[in-house]
Amino acid sequence: MRRRIWNVVRMEWAGMAATPSSLLFLVVIPLILVAQALFLSWIVPRFVNPAILGPTVTDAGALRLLILRQFPFFVLLIPAMVANVFATLGIVEEKVSRTLEPLLATPVRTWELLAGKILSGALPGLVVAWASAALFVAIGYALGWGSQLSSILTATFFLDTLLLMPAVSLLSFILGVIGSSRARDAKEAQNLAVLVIFPIFGLIAVQVTGLVQFTPVRTLLLSLAFLAVDVILLRGAVRLFGRESIVTRWK
Amino acid sequence: MIDHVVISTEGLSKRFGDRVAVDALTVAVRAGEIVGLLGPNGAGKTTTLRMLAGIIAPSAGRAVVDGRNPASEPERVHESIGFLTESPGFYERLSAERNLAYFAAFYEGVDAQVAAARELARLGLADRARDKVGTFSKGMKQRLALARVLLHEPRILFLDEPTAGLDPEAARNLRELIVSLRERGCTILLSTHNLSEAEELSDRIAVFRTRLLAIDTPKALRERQFERRLRVRLADGVEPSLAALREEPYVREARAEGDGVLVVLLADPDSDRPRLVSRIVQAGGRILEVREDERPLEDAYLSLVREEES
């Protein structure tokens, strides 16, 4: 079972390696997001009057802290963007290249195929996201923002990065693969890809509006809730796979 | 030929909405046999192979392949079959070797690298093992597709249009390979539009048009559709012999055809043949050749399909 999932993962990675633009995407997009976050954390406190944000934000340091606190949630966008490209094309590419039917004639089970597709994108997406977070923190310290950074590097931050981020990433990839297996062509798959961003936008909206404070317990519960949704959706993805319509309707 | 049944279907049917693709197919294929599936486009040949391969589920009826039901145990069936699909799809940016190793790694007990190298060598592609599949010709891709279905050395093969689109030499090489697989004991279901290919390779031919119209050896199919006539070539004029034959009670029909040829329909083509020869000799005819008037399989096939249409 694990051998077959791992086989799919390795093949997907071989495909990525054979497509330099994929690797470029994996590296460039996270770098742009990190650079953008660093730039905002640097420029906003310099040129914006903290008073416009209300009485609680009294100086530039507090303003930077406010921006830095959003960063963990923006990091979640990295695996979601990776999912947007890799997961949504995962099954469609098999359809287009006519490899799906020969693949379905092997002993691989549908869930193993889908799990392999999901993991092949989710794992590098997570690694890149973690590397981006580490890069951001390292540069932030180098720029002298240590005091503000140390106040966000809390248990919540680590739970968010190590548990919530994988759970939400998986959700994005599962949604992407579902979209891919239901799409009739690559264009439709790309259109459905917008689905994968929704869970992240939801979290960002909750954080930005300040409606919910992300304590360690809340982050843990939220992560577990996302993991439960992942399991349910993966089962749904297997049911929605529809191998019959794929092999008979794709000409 | 080993005599046990390895593929059987009973009332196997498939509907897509209101359209019946396969209607109550009941057939049995013995181990080591090659059975050709012949039928017009849309006759249900590919659908049948897909149901037998456990890729799509039947709407009614059941199939047993190598002792297992492909609808309920598809993965177990996949361990013992190889399915050459109509389109030989590959990951074109990757090498032939990588493609084969990927598919081989799904099978239990198969060393993917060893199997890939073995089949590339067998199909004459060893020197292109590391080349991207995207650089391959259609014939090479078809050979690679056949290599893919042989990776786990299956006992049962489903081949869907294996020589479609190949040049004559590539098609012949592939046919030779199919014959060699039969010699190794493989049971093969071969879907094809190519009648001469079906006749050359198949022990039996199933003529299909949504439902099974006939299944038999190519010779028996011809005999079933057409009466067995004898062609007698004479060294001189046919008139005396023709007149003599028309008086014989066992001659149901006799006519001259072309220059010095008699076409004769006997009541019993086997037992009446010596009497026929004697009678022509008595009438002064000098016989050069007596042979059965073999109608091409194409005629039998078209006759069956047209009967069904009408």
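Numbers given for residues are sequential positions, taken from 1 along each chain in its written order. Labels follow written order: the first chain is A, the first ligand is 1, and so on. Given that the model is predicted, a residue must reach a pLDDT of at least 70 before its local features are reported, and side-chain atom pairs must reach 80 or more before they are shown or counted; all residues, however, enter totals for whole chains, interfaces and linings.

### What about the sheet that holds strand β11 (residues 251-256) of chain B?
All names here are of chain B.
- Taken in spatial order, the four strands line up as β11-β12-β10-β13 in an open sheet, and their pairing is antiparallel. Edge positions in the open sheet fall to β11 and β13 (287-292), since each of these has one partner strand only. For this sheet, the mean angle separating the axes of adjacent strands, direction not counted, is 20°.
- Across five bridges, strand β10 (residues 229-234) lies against β13 in antiparallel orientation. Considered in β13, the bridge of L234 is made with I287.
- On the sheet, helix α10 (residues 273-282) packs against β10, β12 (261-266) and β13 and is oriented at approximately 155° with respect to β13. Only strands that DSSP links by at least two bridges are regarded as paired with each other. Numbering goes from the N terminus for both helices and strands, where a helix is a DSSP run of H or I of at least four residues and a strand is a run of E of at least two. Axis angles are defined between N-to-C directions and span 0 to 180 degrees, where every axis is a line fitted to C-alpha atoms and, for a helix, only to the segment in contact. We call two residues in contact whenever the C-beta atoms placed from their backbones are within 7 Å.

### Observations concerning the domain arrangement of chain B
- Split into domains, chain B comes out as domain 1 (5-223) and domain 2 (228-294).
- Boundaries of every domain are those given by an automatic assignment or by a domain database. For domain 1 of chain B and domain 2 of chain B, the distance between their C-alpha centroids amounts to 45 Å.

### Brief notes about the interface of chain B and chain A
- Facing 25 residues of chain B, the contacting portion of chain A comprises 22 residues.
- Listed by contribution, the elements that provide at least two residues to the side of chain B that touches chain A are α2 (74-80) and α3 (96-104) of chain B.
- We call Asp, Glu, Lys and Arg charged. Ala, Val, Leu, Ile, Met, Phe, Trp, Tyr, Cys and Pro are nonpolar, and the rest, Gly among them, are polar. Residue composition of the side of chain B that touches chain A, grouped by class: 14 nonpolar, four polar and seven charged.

### Description of the confidence of the model for chain A
- Looking at chain A, pLDDT values average 81 and 90% of them are 70 or higher.
- Values of pLDDT, the confidence the predictor places in each residue, fall between 0 and 100. At the low end of the mean pLDDT range in chain A sits helix α10 (residues 198-209) of chain A, at 71; at the high end sits helix α5 (residues 100-104) of chain A, at 91.

### A short note on the pairing of strand β3 (residues 34-38) of chain B
Residue and element names in this part refer to chain B.
- Around each residue's C-beta, the other C-beta atoms within 10 Å are counted; 20 or more make the residue buried, 12 or fewer make it exposed, and counts in between make it partly exposed. All C-beta atoms are placed from the backbone. Within β3, five of the five residues are buried, which leaves it mostly tucked inside the rest of the structure.
- By the alternation rule, side chains of β3 split into I34, G36 and L38 and V35 and L37, which are all buried.
- Here β3 pairs with strand β7 (residues 187-192) via five bridges, running parallel. Paired with L38 across the two strands is T192, which belongs to β7.
- In this sheet, strand β8 (residues 204-209) lies alongside β3 in parallel orientation, the contact comprising four bridges. The partner of L37 across the bridge, within β8, is A206.

### Examining helix α5 (residues 138-150) of chain B
- In a regular helix each residue adds 1.5 Å, so 13 residues correspond to 18 Å; α5(B) covers 19 Å between its end C-alpha atoms and thus fits that length.
- Of all 13 residues making up α5(B), ten are buried, and the element is well covered by its neighbours.
- The set of residues buried in α5(B) consists of B:K141, B:Q142, B:R143, B:L144, B:A145, B:L146, B:A147, B:R148, B:V149 and B:L150.
- On its buried face, α5(B) sits against α5 of chain A together with β5 (81-84), α3, α4 (112-122), β6 (156-160) and α6 (168-183) of chain B. In this analysis, the expected span of each helix is defined as 1.5 Å times one less than the number of residues it contains.

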